[in-house]
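Here's the letter readout for the chains.
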Amino acid sequence: MTFVIRPARAEDVPLIAGWTRDTFSWGDYVGEQLPAWLEDPDSLVVVCVYEDDVPVAVSRAQLLSPTEAWLSGARVHPDHRRSGMGMAMNDRGVEWARSRGARVARLAIEEENQPARSQVEKSGYRQTGRWVHATIGITSAARLASGQRLRTATSVDADAAWVFWSQSDLARAGRDLISEGWRWRKTTPEDLLCAVDDHALYQGPGGWSIVRTVEVGLAVRWMATTPTDFPVMLQGLLDLAREARAEVLEAMIPETPWVIEALQRDGFEQRPVLMFSKPL
């Protein structure tokens, strides 16, 4: 029996939510996010169906910039895996992105997900980076001295941060990308200026960080620091999380030996994330 790929519709949402609830040990986000995806003009959501038109697979492609596509949310019903649906949906998303001017497609996979890694490699992607998703629960502790704390930065600070970061180990290890949660694109100077406007760019003795408020607490989206100063930055971030009364501090950081060592020393849980890219 041959499947067909078509654009997702609003009536597909409850059907997809029904078989994606337990994708991972913690559940899944796809059913909750689908309505917003369908309304995004820079996004294409497709499903695979048979003759009954019931969705048994779903995937999303989106443009994060005029030339950068991001592929995510690929799910296949347990009864229909290994049918070629994942690869076919990815190809459709890439075709859509290319037709709108994208020059590169990217996606991320957790290191232990070997089936997904094999699939994307067969689709022409190659691994172009390793990141660390680091999390830690915030416990009570004495605040840092005022001179050691992070403070919100200004546009002048943003200029200095950009020059410093552009030549840093983290920029090289991360291929100049910035995290938007579990999505990545090229960093621009405007990202730092927008963070200044949002009071989200912080500066301290350890360097600079973009820190956003998320549901569980605080999330680090970008960082400019050195191997020597990174432990100082971590202490500043933990102090900032305590000030905000956050339950959790999480960070997406390009993987380097000194990043791994410092995170481990401070008790962060670490999940390796692999970045894959394909030129279009």
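Residues numbered from 1 in each chain as written. Predicted model: local features only at pLDDT ≥ 70, side-chain atom pairs only at ≥ 80, totals over all residues. Heavy atoms only, no water.

A. Spatial organisation of the overall build of the chain. When helices and strands are tallied, the chain shows 9 helices and 14 strands. For 280 residues, the compact-globule formula gives about 19 Å, and the C-alpha radius of gyration of the chain, at 20 Å, lands near that figure. Referenced to the eigenvectors of the C-alpha coordinate spread, the extents of the chain come out at roughly 65 × 40 × 35 Å. By residue count, 50% of the 280 residues in the chain fall in the buried class. A separation of at least 24 residues holds for 70% of the contacts in the chain among residues at least 6 apart in sequence. Approximately 13,900 Å² of the chain is accessible, and the part contributed by carbon and sulfur atoms is 50%. Measuring between centres, the 31 positive side-chain charges of the chain sit 4 Å from its 38 negative side-chain charges. (Helix = DSSP H or I, 4+ residues; strand = E, 2+ residues; numbered from the N terminus. Rg over C-alpha atoms; globule rule 2.2 N^0.38 Å. Buried < 20%, exposed > 50% of the residue type's maximum accessible area, 1.4 Å probe, protein only. Contact = heavy atoms within 4.5 Å. Areas by Shrake-Rupley, 256 points an atom, 1.4 Å probe, with all protein chains shown as cover. Lys, Arg positive; Asp, Glu negative; His and termini not counted. Charge placed at Lys NZ, Arg CZ, Asp CG, Glu CD.)

B. A look at the nonpolar core. In this structure, M223, F230, L237, L249, I253, L263 and F268 are the most contacted members of the largest nonpolar core, which totals 27 residues. Excluding residues that lie within four positions of it along the chain, L263 makes contacts with V132, A134, F230, L234, I253, F268 and Q270. Counting residues in each nonpolar core, the second largest holds 25 residues, with M89, A102, A105 and L107 among its members. (Core = buried A, V, L, I, M, F, W, Y, C linked by side-chain atoms within 4.5 Å.)

C. Looking closely at the pairing of strand 13 (residues 248–254). Strand 13 sits mainly inside the fold: 6 of its 7 residues count as buried. Sheet topology note: the strand 6 (residues 126–137)/strand 13 ladder contains 7 bridges and is antiparallel. In the strand pairing of strand 13, W131 is matched with P254. Pairing between strand 12 (residues 217–224) and strand 13: 4 bridges, direction parallel. Directly across from V220, in strand 13, lies its bridge partner A251. A crossover connection joins strand 12 to the parallel strand 13 through helix 8 (residues 230–243); in handedness this β-α-β unit is right-handed. (Pairing = 2+ DSSP bridges. Right-handed = clockwise from strand over helix to strand, strands pointing away.)

D. Molecular detail of the packing of aromatic side chains. For the coordinates displayed, the defined rule picks out 7 aromatic pairs. Between F230 and W258, the aromatic rings sit 5.6 Å apart at their centres with planes inclined by 75 degrees, giving edge-to-face as the arrangement. In this pair, F230 is assigned in helix 8 and W258 in helix 9 (residues 257–265), connecting sequence segments 28 residues apart. The two residues F230 and W258 agree in class, both being buried. Connected via pairs of aromatic rings, a cluster forms that spans W70, W131 and W184. (Phe/Tyr/Trp six-rings, centres within 6.5 Å; stacked < 30°, edge-to-face > 60°.)

E. Region of interest: unusual backbone geometry. In this model, D176 sits at a positive phi of 65 degrees, which is unusual for a non-glycine residue. If you trace the backbone, D176 turns up in the loop between helix 6 (169–173) and strand 8 (177–179). On the basis of relative accessibility, which here comes to 32%, the residue D176 falls in the partly exposed class. Of note, the phi angle at H199 is positive, near 55 degrees, even though the residue is not glycine. Secondary-structure assignment places H199 in the loop between helix 7 (189–197) and strand 10 (201–204). With relative accessibility at 56%, the residue H199 sits in the exposed group.

F. Region of the structure containing the side chain of H77. Looking at the secondary structure, you find H77 in the loop between strand 4 (68–76) and helix 3 (85–99). By relative accessible area, which is 19% here, H77 ends up buried.

G. Just the pattern of salt bridges, in detail. Applying the stated criterion to the full structure yields 20 salt bridges. Among the salt bridges present, the one from E111 reaches R130, with a minimum N-O distance of 2.9 Å. One end of the pair, E111, is in the loop between strand 5 (104–110) and helix 4 (114–122); the other, R130, is in strand 6, with 19 residues separating them in the sequence. Salt-bridge contacts for E261 lead to R265; the nearest nitrogen and oxygen are separated by 3.6 Å. Of this pair, E261 and R265 are both found in helix 9, 4 residues apart, which corresponds to roughly one turn of the helix. (Salt bridge = Lys/Arg side-chain N within 4 Å of Asp/Glu carboxyl O.)

H. Seen up close, empty space enclosed by the protein. Across all of its chains, the model carries 1 cavity of 30 Å³ or more by this definition. Lining the largest cavity we find W131, W165, L170, G174, L177, I178, R221, W222, M223, M252, I253 and P254. Only strand 8, strand 12 and strand 13 provide two or more residues apiece to the lining of the largest cavity. (1 Å grid on protein atoms, 1.4 Å probe; cavity = no way out; pocket = protein on both sides within 12 Å on 5 of 7 lines; lining within 4 Å. Points joined across faces, edges and corners; volume = space filled by probe spheres on them.)

I. Seen up close, the sheet that holds strand 11 (residues 207–214). A sheet is described by the order of its strands in space; here 12 strands give the open sequence 1-2-3-4-5-14-6-13-12-11-10-7, paired in mixed fashion. In this open sheet, the two strands that pair with only one neighbour each are strand 1 (4–7) and strand 7 (151–152). Docked against the sheet, helix 7 engages strand 10, strand 11 and strand 12, running at close to 60 degrees with respect to strand 11. (Axes fitted to C-alpha atoms, helices over the stretch in contact; angles between N-to-C directions.)

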